[in-house]
4 protein chains.
Amino acid sequence: MNFASDNAYGVLPEVLSALAQAAQGAALPYGDDDVTRALALRFNAVFEREIAMFPVMTGTAANALALATLVPPHGAILCHQDSHIVVHECGAPEFFTHGARLHTIAGADGKLEPGALEAVLKQWPWGDVHGVQPFAVSLSQPTELGTIYSREDISAIAALAHRHGLKLHVDGARFGNAVAALGRTPAEASWKCGVDVLSFGASKGGALAAEAVLFFDPADARDFAFRRKKAGHLASKMRLVSAQLAAFMDKDLWLHKAARANALAARLGEGLKARGVTITAPVQTNMVFAELPREIAARLRAGGAQFFDRTRASREDHVVARLVTSFATPEEDVERFLSLIV
Amino acid sequence: MNFASDNAYGVLPEVLSALAQAAQGAALPYGDDDVTRALALRFNAVFEREIAMFPVMTGTAANALALATLVPPHGAILCHQDSHIVVHECGAPEFFTHGARLHTIAGADGKLEPGALEAVLKQWPWGDVHGVQPFAVSLSQPTELGTIYSREDISAIAALAHRHGLKLHVDGARFGNAVAALGRTPAEASWKCGVDVLSFGASKGGALAAEAVLFFDPADARDFAFRRKKAGHLASKMRLVSAQLAAFMDKDLWLHKAARANALAARLGEGLKARGVTITAPVQTNMVFAELPREIAARLRAGGAQFFDRTRASREDHVVARLVTSFATPEEDVERFLSLIV
Amino acid sequence: MNFASDNAYGVLPEVLSALAQAAQGAALPYGDDDVTRALALRFNAVFEREIAMFPVMTGTAANALALATLVPPHGAILCHQDSHIVVHECGAPEFFTHGARLHTIAGADGKLEPGALEAVLKQWPWGDVHGVQPFAVSLSQPTELGTIYSREDISAIAALAHRHGLKLHVDGARFGNAVAALGRTPAEASWKCGVDVLSFGASKGGALAAEAVLFFDPADARDFAFRRKKAGHLASKMRLVSAQLAAFMDKDLWLHKAARANALAARLGEGLKARGVTITAPVQTNMVFAELPREIAARLRAGGAQFFDRTRASREDHVVARLVTSFATPEEDVERFLSLIV
Amino acid sequence: MNFASDNAYGVLPEVLSALAQAAQGAALPYGDDDVTRALALRFNAVFEREIAMFPVMTGTAANALALATLVPPHGAILCHQDSHIVVHECGAPEFFTHGARLHTIAGADGKLEPGALEAVLKQWPWGDVHGVQPFAVSLSQPTELGTIYSREDISAIAALAHRHGLKLHVDGARFGNAVAALGRTPAEASWKCGVDVLSFGASKGGALAAEAVLFFDPADARDFAFRRKKAGHLASKMRLVSAQLAAFMDKDLWLHKAARANALAARLGEGLKARGVTITAPVQTNMVFAELPREIAARLRAGGAQFFDRTRASREDHVVARLVTSFATPEEDVERFLSLIV
């Protein structure tokens, strides 16, 4: 019963098959191959416009390279204080941007609120050489709490960003879960509401190690290709990364699997609530945050459940368990987990 | 007929099988898994000592992270002027070290000569804050020309480095080819002749995307784990990287496959010489550098052969073709290639 | 009537004389001179211990170089959210540390509170490669609001820092003003209450362009000399920087001048309060923060007063004026300023 | 008898007077003052066009900030192998550019030869993400050997650079010595022969600590102002730096003093030749490189002469002494030095 993370699970069978097939024969390395070329066209089709697409192998690389392309060393990135780029990437954005700053903003449910963003933008010492200057807003869709921004939220944030000359980056490590939950097309969930650059995640959704950075305006990609190589993130056998992404997107596999994971989380959340457990964030994608008595948490673990705690529970003798479902979480694990509660 | 590079070929069947198997079920991410733990023990066994081992997914990452761990920003890395870290990594060592310098040294057959190294070390303004200070020597084994250092060569270089307080790093993207050619154990070919840190390559040898950085003295690894994460090179599904390396090393697969590639290159080199072609560097591993008349190069390409030129041929109307054989190059391709020469 | 900043004023006559004298004749550059050697001994005497002392020419350089020596790229610096290193140095600490993070903490009167610091330290994910790791606490003495930490405050912060293996850095751009206000010796105000590294400021106190970084444990200075040179902060005619610092410290000139500036600020603060003006931070050194009706602020400016506003006044039609006194502010300017209020 | 360096001497009396005068009263800091504004106009007048001018306090800062503005992290700077930025700045260009590379080229008399530059440019793997990409050529005028480029040399280099989209930077730490030797106007010696950016030095010529970065096309300055602040090189009491530069340029003081130093070096060189000493580089500005028997070098030092050796003399028992004259070197020192030879 692994609810620790969606990256605890392995690889979709469709991705493995595609890998085995793409691994046959020889092709030029570093992306000069047919699989990668076809993938670029696929992304154009899925997102309904011509985009600049760059496969990489980790989510941290996707985010940090995207941000470094948008933000100079004297720049700042405005983002939620609990976002992945702040809390879980060991300062990769600062490394790749050569010392730009993450300016963090608080917000309920893990979300950046347009009003809070506006207040920050309003007070900024624009043009003052003594202060770093904002060049991008970065948000996660879904957030670290599994919550999602509505299209209106994103449009409002994008409008604010653009009015001040900033770009909007989205960390979409679990983008499929958000798109599935929103019931919108990928285009509607991204550039049509103002997103400029998307870290499109596949690893958490079922690939081995594959993400794609998407610049909806190819001009924004500028020197990305050099940055990727200089950072050691240009895969030599690129076609094997591209093949993962292609299989992931084929016949909307990513969205079907994301919907499945979302449904399992919803089932888990409902079951917990029915058992009197406090759920601390709206269950909107594939994560459930449950405030559990320490005793029950211990019993669940004794029963084979794996999950991470967050220490900041509202009650002293409780923990907040983060429960993540995935493309491969067995349905029966959800039932077993719930049966251990009572 | 792809002789462009060994990374033009796909993946060893054994590696694919291991991947499919490791992809089953769930395990904690980021290396906290049994496959990775077993891999560390395997490396200890193969290299006959306890080492600090870190899997990454590209050779550039392996080299740059290793060097950044050894060399501070005001440091210098002494290396051959044609080495991969100088010519083919877009300045990754400078990025990861935060601005250290590659101090390049010329040398025949792609090799750093102990005498040339000694001359540089002797004239260095040691301790002068106006000059960068050497902290490491880096060499490639085999070199970019496919040539190999003898154990005596490496011992001499290591002795010089250590006498001046420098560490010796080896870029072993094709380390298996060197070990197979030397007919020595991995330990004899590395720390027993003074190597401190090895970028152990598997991608070129038949993995999908897997390398390992090996610190023979674990104390040298210092903050490597943080550097790897901060650079976006910590794979979330680490067990799938480790599984590739484990399969690669199982039953000396890496050495058998390297020996095969070396033998094909030897055959190719002999065949070319027999046809009157000038071979510009000793054929010692899996690369052949052949000075071909432009007309013949064109004919080979028309016949389906893929390879890269180096422009600096000694004769105006010739090119130097770099021909690389691999774990998967069909034997008949060598014959076909040769048959197109005459 | 310039109350904009203490760096708006020129140079103490004693410093100018020392410069003219030191400028005679020739001496070896880059600090290999008698003036600099004597200065090092002087600092040892003033601070009552052997220290590693490095002159530089700007406060930002002093802070950023000191912090970069203590904190690796994957590190974090804990500091007040309004501190100079956060707000007024354009991200210099991030540049010099190669991407470490300033982790900001709120606190009344511009001061870091031991309790708030403890809470942050307690919750930190120590040793987790996904999170940056604290290596230093940095505080300003006096703060950006002109307030001062008591020796007990600093001792408490130092104890917390040291218990977690962190170093304590103090930005002392106006250190003289704090020492004068505390009525303690420089030693008592620094290493005797746990300070590890001090950016000792002289420019704001009356030098032309001179600061000194003081490592109270010389072992902490590590590669500072190389960092200073690599950052372009090693003055060639070093003796002329050292001469400024020597004159500044001669016969406690720095403390006498700081006491004078403090007294002027006290007089200004009292006068404002007597005229019904709200003072928004305790006046403890050479700064007064006065919440003025916009109309009065305009009248003061029309009358020749220069000062900067802070926009966040508590009342809509007010501004918070920052009024800084200096070693050279004419006494009558204080009286004239006050006379314009009513 | 100090011939160690021109920065061993102090400050021109005219500069000291200007400092004392500018130090009176108060003015806004960071360059928002009348002295700095007037200086900008003065530079426009001296160089006969509107330029973007930025004062800094060290030559290393001037060079590194200028280059970082022109060259991205994946870029390369083509320069002579013995240039100051390569040998004497501890890798500052690599730090400020965030990891760009100095690609060094050999050349007689310390000079970059157009032919050698062209050969490098011709073979470069343009656009290949595996290789760093040239963005600038940097040369020193005069060179580290005191030799000078003719206007034709510079024009040829500039034409090559511009044809490949590169900018031409000139390290002019001793620019006055070159202009005086060329007998041309500052404009003729810089942008009129294709120079894009000039590090204009004053410290070596007689200022305390003052240099200016000049962008002849202001558009090239881009984010220089932010870079200067982020690197800690924005002087708070900027008017005191500007005042040095203004005095230095007033009534062509810089050129008169440079001519004087050049004349002393010529006298010294002639005197040495007359005494049978081998001069190893043409004496064109204020440096003489003299190959002296070790015995004579020792005798000179015993007699009070200070100078640095270069170890690479052509004869075993000789050293090459670098002898530098300055704005303040006493004439009699030249005579005394010569008198000690025989």
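Residues numbered from 1 in each chain as written. Chains lettered and ligands numbered in written order. Predicted model: local features only at pLDDT ≥ 70, side-chain atom pairs only at ≥ 80, totals over all residues. Heavy atoms only, no water.

Engineer: Could you clarify how one ought to interpret helix α1 (residues 13–22) of chain D in this entry?
Structural biologist: Residues separated by three or four positions in an α-helix point in the same direction, a consequence of the helix having 3.6 residues per turn. Among all positions of α1 of chain D, only Val-15, Leu-16, Ala-18, Leu-19 and Ala-22 of chain D are buried. Within α1 of chain D, the buried residues cover an arc of 165 degrees as seen down the axis, which keeps them to one side. Opposite the buried face of α1 of chain D, at more than 90 degrees from it, the exposed residues are Pro-13 and Gln-21 of chain D. On the buried face of α1 of chain D, the contacting elements are α1 (13–22) of chain C together with α10 (238–249) of chain D. (Buried < 20%, exposed > 50% of the residue type's maximum accessible area, 1.4 Å probe, protein only. Helix = DSSP H or I, 4+ residues; strand = E, 2+ residues; numbered from the N terminus. Arc of directions from axis to C-beta. Contact = heavy atoms within 4.5 Å.)

Engineer: What's the story with the relation of the copies chain A and chain B in this structure? I'm lost.
Structural biologist: What connects the two chain copies is a rotation about an axis and a shift along it. If you rotate chain A by 180 degrees and push it 0.0 Å along the axis, it lands on chain B with an RMSD of 0.0 Å. In the structure described here, the two chain copies are related by an operation that fits a two-fold rotation axis. The rotation axis passes nearest to the C-alpha of Ala-231 of chain A in chain A, at a distance of 3.7 Å. (Least-squares fit on C-alpha atoms with pLDDT ≥ 70 in both.)

Engineer: For this particular structure, what's the right way to read the relation of the copies chain A and chain C?
Structural biologist: Least-squares fitting of chain A to chain C yields an RMSD of 0.1 Å, with the transformation described by 0.0 Å of translation along the axis and a rotation of 180 degrees. Both copies contact each other with a shared surface, as 100% of the interface residues of chain A are interface residues in chain C too.

Engineer: I'm lost on the sheet that holds strand β7 (residues 211–215) of chain C in this one. Help?
Structural biologist: Note on sheets: strands pair through backbone hydrogen bonds, and any given pair is parallel or antiparallel. All names here are of chain C. Strand order in the open sheet made by the 7 strands is β1-β7-β6-β5-β4-β2-β3, with mixed pairing throughout. Here the strands that pair on one side only, and so sit at the sheet edges, are β1 (52–56) and β3 (101–105). Looking at each pair of strands side by side, their axes are set apart by 20 degrees on average, direction ignored. For β1 and β7, the ladder comprises 5 bridges, and the chain directions are antiparallel. Paired with Pro-55 across the strands is Ala-212, a residue of β7. On the sheet, helix α2 (residues 34–47) packs against β1, β6 (197–201) and β7 and is oriented at approximately 120 degrees with respect to β1. (Pairing = 2+ DSSP bridges. Axes fitted to C-alpha atoms, helices over the stretch in contact; angles between N-to-C directions.)

Engineer: Just to check I follow, could you spell out empty space enclosed by the protein for this structure?
Structural biologist: Empty space left among the atoms is revealed by rolling a probe the size of a water molecule over them. Here the largest cavity is characterised by a volume of approximately 300 Å³. Surrounding the largest cavity, 30 residues form its lining, Gly-59, Thr-60, His-84 and Lys-204 of chain A together with Tyr-30 of chain B being those nearest its centre. Elements that contribute at least two residues to the lining of the largest cavity include exactly α3 (59–70) and β5 (167–172) of chain A. For the lining of the largest cavity, the leading source of residues is α3 of chain A, giving 3 residues. (1 Å grid on protein atoms, 1.4 Å probe; cavity = no way out; pocket = protein on both sides within 12 Å on 5 of 7 lines; lining within 4 Å. Points joined across faces, edges and corners; volume = space filled by probe spheres on them.)

Engineer: Looking at this structure, I do not really get the pattern of salt bridges. What am I missing?
Structural biologist: What the rule picks out here adds up to 56 salt bridges over all chains. The shortest N-O distance in the salt bridge between Arg-174 of chain A and Asp-6 of chain A comes to 2.7 Å. One end of the pair, Arg-174 of chain A, is in the loop between β5 and α8 (175–182); the other, Asp-6 of chain A, is in the segment before α1 (13–22), with 168 residues separating them in the sequence. Like Arg-174 of chain A, the residue Asp-6 of chain A is buried in the burial classification. Ionic pairing is found between Asp-250 of chain B and Arg-42 of chain B, a salt bridge with its closest N-O pair at 3.5 Å. You can see Asp-250 of chain B sitting in the loop between α10 (238–249) and α11 (253–274) and its partner Arg-42 of chain B sitting in helix α2 (residues 34–47), a full 208 residues away along the chain. (Salt bridge = Lys/Arg side-chain N within 4 Å of Asp/Glu carboxyl O.)

Engineer: In this structure, what is going on with the packing of aromatic side chains? I would like to understand it.
Structural biologist: Here a ring pair, both rings aromatic, is described through the centre-centre distance and the interplanar angle of the planes. Under the counting rule described, the total for this entry stands at 73 aromatic pairs over all chains. One aromatic cluster is present, formed by Phe-43, Phe-47, Phe-175, Phe-200, Phe-216, Phe-248 and Trp-254 of chain A through successive ring pairs. The ring of Phe-307 of chain C is capped by Arg-301 of chain C, whose NZ or CZ atom sits 4.1 Å from the centre of that ring. (Phe/Tyr/Trp six-rings, centres within 6.5 Å; stacked < 30°, edge-to-face > 60°. Lys NZ or Arg CZ within 6 Å of the ring centre and 35° of its normal.)

Engineer: Would you explain the interface of chain A and chain C in this entry?
Structural biologist: Quoted interface sizes are often the accessible area lost when the parts come together. Taken together, the 19 residues of chain A in the interface contact 19 residues of chain C. Carbon and sulfur atoms supply 44% of the area that chain A and chain C bury against each other, a total of about 1,400 Å² over both sides. Considering only the surface of chain A that becomes buried against chain C, Cys-90, Arg-101 and His-130 of chain A emerge as the three largest contributors, covering 38% of it. The partner of Arg-101 of chain C in a salt bridge is Glu-94 of chain A, with the nearest N and O atoms 2.7 Å apart. Inspection of the region where chain A meets chain C yields 8 residue pairs in polar contact (both at pLDDT 80 or more). (Buried area = accessible area lost by both parts, 1.4 Å probe. Polar contact = N/O pair within 3.5 Å; in protein donor to acceptor, adjacent residues only side chain to side chain.)

Engineer: Explain the interface of chain A and chain B to me, please; I cannot follow it from the model alone.
Structural biologist: At the junction of the two partners, chain A supplies 49 residues and chain B supplies 49 residues. Note on chain A versus chain B: buried area summed over both sides is about 3,900 Å², and carbon and sulfur give 66% of it. When the buried surface of chain A facing chain B is broken down by residue, Phe-95, Lys-230 and Lys-237 of chain A rank first, second and third, together holding 19% of it. Viewed at the interface, chain B and chain A are joined by 0 salt bridges. Our count for the contact surface shared by chain A and chain B stands at 23 residue pairs in polar contact (both at pLDDT 80 or more). Among the residues making up the side of chain A that touches chain B, the classes are represented as 29 nonpolar, 15 polar and 5 charged. (Nonpolar A, V, L, I, M, F, W, Y, C, P; charged D, E, K, R; others polar.)

Engineer: Even after reading the chapter, I still don't get the sheet that holds strand β10 (residues 308–310) of chain B, so can you show me in this structure?
Structural biologist: Residues and elements named next belong to chain B. With antiparallel pairing, 4 strands are arranged side by side in an open sheet as β8-β9-β11-β10. Looking at the sheet topology across the chains shown, the edges are occupied by β8 (278–279) and β10. Its contacts with the sheet place helix α12 (residues 294–302) against β9 (287–293), β10 and β11 (318–324), and it is angled at close to 115 degrees to β9.

Engineer: Looking at this model, I keep getting lost on the domain arrangement of chain A. Mind explaining?
Structural biologist: All names here are of chain A. Considered domain by domain, chain A is made up of domain 1 (11–251) and domain 2 (254–339). Inter-centroid distance (C-alpha atoms) of domain 1 to domain 2 is 27 Å. Of the residues lining the interface, 27 residues belong to domain 1; the matching set on domain 2 comes to 18 residues. Buried area between domain 1 and domain 2, summed over both chains or domains, comes out near 1,900 Å², and the portion from carbon and sulfur atoms is 61%. For domain 1, the biggest contributors to the area lost against domain 2 are Leu-145, Arg-174 and Asn-177; these three give 26% of the whole. In this assembly, domain 1 and domain 2 are joined by 0 salt bridges. Put simply, domain 1 and domain 2 have 5 residue pairs in polar contact (both at pLDDT 80 or more) between them. Going through the elements one at a time, α8 and α10 (238–249) are the ones with two or more residues in the side of domain 1 that touches domain 2. When residues of the side of domain 1 that touches domain 2 are assigned to their parent elements, the largest contribution, 7 residues, is made by α8. Grouping the amino acids of the side of domain 1 that touches domain 2 by side-chain chemistry returns 15 nonpolar, 7 polar and 5 charged. (Domains from an automatic or database assignment.)

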